[in-house]
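Spelled out, the chains give:
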Amino acid sequence: MNTAEKITDFKKALPKNVKLVAVSKTKPEEEILQAYHTGHKIFGENKVQELRAKYESLPKDIEWHYIGHLQRNKVKYIAPFVSMIHAVDSMRLLRKINNEAKKAKREIQVLLQMHIAKEQTKFGLSETELYEIIESPEIEEFKNLKICGLMAMATFTDNKEQIESEFDYIKNLFDELKENHFSESDDFAELSIGMSNDYEIALQKGASIVRIGSKIFGERNY
Ligand SMILES: *Cc1c(COP(=O)(O)O)cnc(C)c1O
């Protein structure tokens, strides 16, 4: 199957209320265009330079999601066009995104990334750090961003129970926040969990966004 067929099939099987971010990192523009011409508009990248280059040469109605770890000094390169930043893991980064979005006269959607995996190497906030951010009065002043929900990556494992318990944890946290901290806001609505190897579990556990790379574009050669 080619990319167009794979993404079409994948979307048919996806519940209608779940958004697909087609993760196109390392993949050439022709393949992104094949997916785009099926009508798909949301793509995800995790390197600033690569995203910037693809943004410049590909159709302007693509909705670009930045899904990787983002350094503060690079926010300015994507702020003029990026639609959503998935992996915000500090107040300083949030502040920077707001400032750069303001300069670009835009509003950027963000997700707060939680650390839920066993691996130490994965980025993300602890619960303490999360509450420090959302309880800080400063976030009221961030008029150029919208906090739209949470993002996380589960442990990379074949152990289904492990992944289920990590996704259960973040879903409960999401529900708690929505009820007690964001009840006034319709923006806080997204739970970005699930990749090629664990998206089925993520869907059962309440994902509203899945980020799928290899299942659509094939394995990546780094
Ligand atoms: C690469 C990546 C994905 C997609 O991974 P696949 O296993 O290829 O589906 C999803 N989320 C993040 C944050 C990634 O870096």
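Attention here is on the structure that accompanies the text. No experiment lies behind these values; they were computed from the predicted model shown. (Residues numbered from 1 in each chain as written. Predicted model: local features only at pLDDT ≥ 70, side-chain atom pairs only at ≥ 80, totals over all residues. Heavy atoms only, no water.)

Moving on to the nonpolar core. In this structure, Ile-85, Leu-94 and Leu-150 are the most contacted members of the largest nonpolar core, which totals 64 residues. No other element matches helix 7 (residues 160–180), which puts six residues into this core. The residues touching Leu-150, leaving out its near neighbours within four places in the chain, are Leu-111, Leu-112, Met-114, Leu-130, Ile-170, Leu-173, Phe-174, Leu-177, Phe-188, Glu-190, Leu-191 and Ser-192. (Core = buried A, V, L, I, M, F, W, Y, C linked by side-chain atoms within 4.5 Å. Buried < 20%, exposed > 50% of the residue type's maximum accessible area, 1.4 Å probe, protein only. Helix = DSSP H or I, 4+ residues; strand = E, 2+ residues; numbered from the N terminus. Contact = heavy atoms within 4.5 Å.)

This next bit is on the site of the ligand. The local shell around the ligand consists of Val-23, Lys-25, Ile-67, Met-151, Met-153, Met-195, Ser-196, Arg-211, Ile-212, Gly-213, Ser-214 and Arg-220. Within the side chain of Lys-25, one N or O atom sits 2.7 Å away from an oxygen atom of the ligand. Within the contact set of the ligand, an oxygen atom lies 2.7 Å away from a backbone nitrogen or oxygen of Ser-214. Its free accessible area being 380 Å², the ligand has 91% of it covered by the protein chains. Spatially, the ligand is embedded in the largest pocket. The residue inventory of the shell around the ligand, partitioned by class, reads six nonpolar, three polar and three charged. (Near = heavy atom within 4 Å. Polar contact = N/O pair within 3.5 Å; in protein donor to acceptor, adjacent residues only side chain to side chain. Areas by Shrake-Rupley, 256 points an atom, 1.4 Å probe, with all protein chains shown as cover. 1 Å grid on protein atoms, 1.4 Å probe; cavity = no way out; pocket = protein on both sides within 12 Å on 5 of 7 lines; lining within 4 Å. Sits in = over half its atoms within 2 Å of the grid points. Nonpolar A, V, L, I, M, F, W, Y, C, P; charged D, E, K, R; others polar.)

The rolling of a water-molecule-sized probe over the atoms marks out the regions of remaining empty space. One number sums up the size of the largest pocket: a volume of about 480 Å³. Residue lining of the largest pocket: 24 residues in total, with Lys-25, Asn-46, Ile-67, Met-153 and Met-195 positioned closest to the centre. Elements with a contribution of two residues or more to the lining of the largest pocket: strand 6 (145–153) and strand 8 (209–212). The class makeup of the residues in the lining of the largest pocket is 10 nonpolar, nine polar and five charged. Here the second largest pocket defines a volume of roughly 380 Å³. Ile-139, Glu-140, Ile-147, Phe-182 and Ser-185 are, among the 13 residues lining the second largest pocket, the residues nearest its centre. Each residue belonging to the lining of the second largest pocket can be placed in one class, and the counts come to six nonpolar, two polar and five charged. (Points joined across faces, edges and corners; volume = space filled by probe spheres on them.)

Below, the discussion takes up the packing of aromatic side chains. A ring pair, where both rings are aromatic, is described by two values, the distance of the centres and the angle of the planes. Overall, the coordinates contain five aromatic pairs when judged by the stated rule. Taking 4.1 Å as the distance between ring centres and 5° as the angle between the ring planes, the aromatic pair formed by Phe-182 and Phe-188 counts as stacked. As far as the burial class goes, Phe-182 and Phe-188 line up, both buried. Three or more aromatic residues link up through ring pairs in this structure, and these residues are Phe-174, Phe-182 and Phe-188. (Phe/Tyr/Trp six-rings, centres within 6.5 Å; stacked < 30°, edge-to-face > 60°.)

Time to look at the pattern of salt bridges. Scanning the model with the defined rule gives 13 salt bridges in all. Of the charged contacts, one joins Glu-50 and Lys-54 as a salt bridge, the two residues approaching to 2.7 Å between their closest N and O atoms. With Glu-50 and Lys-54 both in helix 3 (residues 48–57), this residue pair falls four residues apart, about one helical turn. Taking relative accessible area as the criterion, Glu-50 reaches 21% and is therefore assigned partly exposed. Residue Lys-146 is joined to Asp-187 by a salt bridge in which the shortest nitrogen-to-oxygen separation is 3.8 Å. (Salt bridge = Lys/Arg side-chain N within 4 Å of Asp/Glu carboxyl O.)

Here we come to unusual backbone geometry. With glycine set apart, most residues show a phi of negative sign, and most peptide bonds adopt trans. Positive phi, normally seen in glycine, also occurs at Thr-26, with a value near 70°. Even without being glycine, Lys-105 reaches a positive phi, approximately 55°. Along the polypeptide, Lys-105 turns up in the loop between helix 5 (91–103) and strand 5 (108–115).

With that settled, consider the pairing of strand 5. Burial of strand 5 is extensive: six of the eight residues sit out of reach of the surface. As paired strands, strand 4 (residues 84–88) and strand 5 are joined by three bridges and run parallel to one another. Looking across to strand 5, one finds that Ile-85 is bridged to Val-110. As a crossover connection, the stretch from strand 4 through helix 5 into strand 5 is right-handed. With eight bridges joining them, strand 5 and strand 6 adopt parallel strand pairing. The residue of strand 6 that forms the bridge with Gln-109 is Lys-146. (Pairing = 2+ DSSP bridges. Right-handed = clockwise from strand over helix to strand, strands pointing away.)

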